[in-house]
Amino acid sequence: MLFFKLSAFYFFYFAAVGVYIIFLPKVLHDIGYTPSDIGILLALAPLMRFLTPFLFLKHIKLDQKLFKMILILSVISSSLFYLTIEHFYLFMFNNAILGVCLSLLLPYIELIAIKELKNRYGKSRLFGSIGFMLISLVLAAYLSETQIALHYYLVATILTSIFAFSLLKYDNEPHSNNIDDEKFSLIRYWPFWLSLFLMQVSFGSFYNFFTIYESSYGLSLDTISYLWAFGVICEIVMLYFQAPILQKNLLTLISFSIVVTIGRWFLLFLYPQSVWVATFTQSLHAFSFGLYHTAVVLYLYKLYSNKRLAQQFMLGIAYGLGGFVGAIVSGWLYGEYLFLSSSFIALFALIALLTHKRSTQKI
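Anyway, here's the lowdown on the structure attached to this text. (Residues numbered from 1 in each chain as written. Predicted model: local features only at pLDDT ≥ 70, side-chain atom pairs only at ≥ 80, totals over all residues. Heavy atoms only, no water.)

With that out of the way, let us pick up the overall build of the chain. From N to C terminus, the chain includes 15 helices and zero strands. Expressed as a percentage of the 363 residues in the chain, the buried residues total 55%. The contacts of the chain with a sequence gap of at least 6 include a subset with a gap of at least 24, amounting to 86%. Surface accessibility of the chain: about 16,500 Å² in total, with carbon and sulfur atoms responsible for 68%. (Helix = DSSP H or I, 4+ residues; strand = E, 2+ residues; numbered from the N terminus. Buried < 20%, exposed > 50% of the residue type's maximum accessible area, 1.4 Å probe, protein only. Contact = heavy atoms within 4.5 Å. Areas by Shrake-Rupley, 256 points an atom, 1.4 Å probe, with all protein chains shown as cover.)

Put into structure tokens, the structure is as follows:
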């Protein structure tokens, strides 16, 4: 029953993420928002992911009582999308509140999943990718007006909250605000952290504007949805079969993944109207996310003795701050050279990583 509840939680959580990432930019564009406005609005969620651990968790204990309030607030914020989406500042504020809720919700449940499932955690987590993939296929067929996307998002959020609430009985660990710094240093390995940050900045164009970008070159929303789904399938395959590959040098694997990502963005710049090239670039998601993410997590586990703090900073700096800056920058640069700029940003990420590699011993 626990495995089912966790799998259902991941399924609906990432289904909601799929609506947000794949379809919300298109909805905002159709309403009349400019690419710059869309970049600002979509940057709020990763910004909250970066700020929340520092401004929230250090001062307030995240216990079951507060977690229940977060679940309720996330449903309320999702409901308010109907009233605020056509008003920039109201939607921006509401989006920020929802970002805080979601940045606390997933890590809380992740701790339960890892503690209870142990080696089966990965198989449960895969249902999140399945939910993301299915929503990309289903919603594309029915997205004829703005309200439909909001309906799907609200339902997915409600179901996510229900399953999260049902998992609270498995949370029997004491909650503490204490964070042991134990000589934790970002400065010592600054090129590596800079590389993580730049890599996620380069993904800003993909996560926030891939749907709009390909639509502008004549690809249908159905086709783009299939492309999103195909990328997730490739990601799932890599996550399931990558164990032997991870026996190799982790920094080499990370470097290779970044090189693949540089080529991926450059191909999208050269052939934006080609379905076959777009399909090929989506297959590379297995490396630029699936292999890259796992290799980074494992490398940080070896690099730092305070593994918990290392993972917190990875989520905050890379996916939080990097995602925020990536959304803003991609909104500013949206146009013909969007993915060319992403290629250069990923190239700088590679240079930073090679600088780190030269300054440290092989791990």
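Next, the rest of the story.
For the coordinates displayed, the defined rule picks out 30 aromatic pairs. Judged by centre distance (5.3 Å) and plane angle (25°), the rings of Phe 203 and Tyr 207 are stacked. Put simply, the rings of Phe 132, Phe 203, Phe 206, Tyr 207, Phe 210, Tyr 213, Tyr 217, Trp 228, Trp 265 and Phe 339 touch in pairs and so form one group of aromatic residues. A cation over an aromatic ring shows up here: Arg 264 above the ring of Phe 206, its NZ or CZ 4.5 Å from the ring centre. (Phe/Tyr/Trp six-rings, centres within 6.5 Å; stacked < 30°, edge-to-face > 60°. Lys NZ or Arg CZ within 6 Å of the ring centre and 35° of its normal.)

Following the sequence through the fold, His 356 ends up in helix α15 (residues 338-359). Not counting chain neighbours up to four residues away, the residues in contact with His 356 comprise Tyr 189, Pro 191, Phe 192, Leu 251 and Tyr 299.

Residue placement: Met 92 occurs in helix α5 (residues 88-117). Residue Met 92 is classed as partly exposed on the basis of its relative accessible area, which comes to 22%. A sequence separation of 49 residues divides Met 92 from Ala 43, and the C-alpha atoms of the two residues are 9.7 Å apart. Discounting residues that sit within four places of it in the chain, Met 92 has contacts with Ile 40, Leu 41 and Leu 44.

This paragraph deals with the environment of Lys 248. Here Lys 248 shows up in the loop between α10 (221-241) and α11 (250-270). Separated by 47 residues in the primary sequence, Lys 248 and Ala 295 place their C-alpha atoms 9.8 Å from one another.

Glancing now at α10. Helix length check: α10, at 21 residues, gives a terminal C-alpha distance of 31 Å against a target of 30 Å (1.5 Å per residue), a fit within 8%. Buried within α10 we find Leu 221, Ile 224, Ser 225, Leu 227, Trp 228, Ala 229, Gly 231, Val 232, Cys 234, Glu 235, Ile 236 and Met 238. (Expected span 1.5 Å × (residues − 1).)

Bringing a nonpolar patch on the surface into the picture now. Nonpolar side chains collect at one region of the surface, where Ile 72, Leu 73, Ile 76, Leu 80 and Leu 83 lie side by side and expose about 450 Å² of accessible area between them. Sorting elements by how many residues they give to the nonpolar patch places helix α3 (residues 64-79) first, with three residues. Looking at where Leu 83 falls in the secondary structure, it is placed in helix α4 (residues 81-84). (Patch = residues over 30% accessible without salt bridge, like charges linked within 9 Å, V, L, I, M, F, W, Y side chains within 5 Å. Salt bridge = Lys/Arg side-chain N within 4 Å of Asp/Glu carboxyl O.)

Below, the discussion takes up the pattern of salt bridges. A side chain of one charge can pair with a side chain of the opposite charge when the charged atoms of the two come close. One pass over the full model with this rule turns up one salt bridge. For Asp 30, the salt bridge is made with Lys 26, and the minimal N-O distance between the two is 3.7 Å. Here Lys 26 and Asp 30 lie together in helix α1 (residues 2-31), a separation of four residues that amounts to about one turn. A relative accessible area of 21% means that Lys 26 is categorised as partly exposed.

Core analysis: the largest hydrophobic core is formed by 113 residues, its most contacted members being Phe 9, Ile 109, Phe 192 and Ile 254. Of all the elements, α1 adds the most residues to this core, at 17 residues. (Core = buried A, V, L, I, M, F, W, Y, C linked by side-chain atoms within 4.5 Å.)

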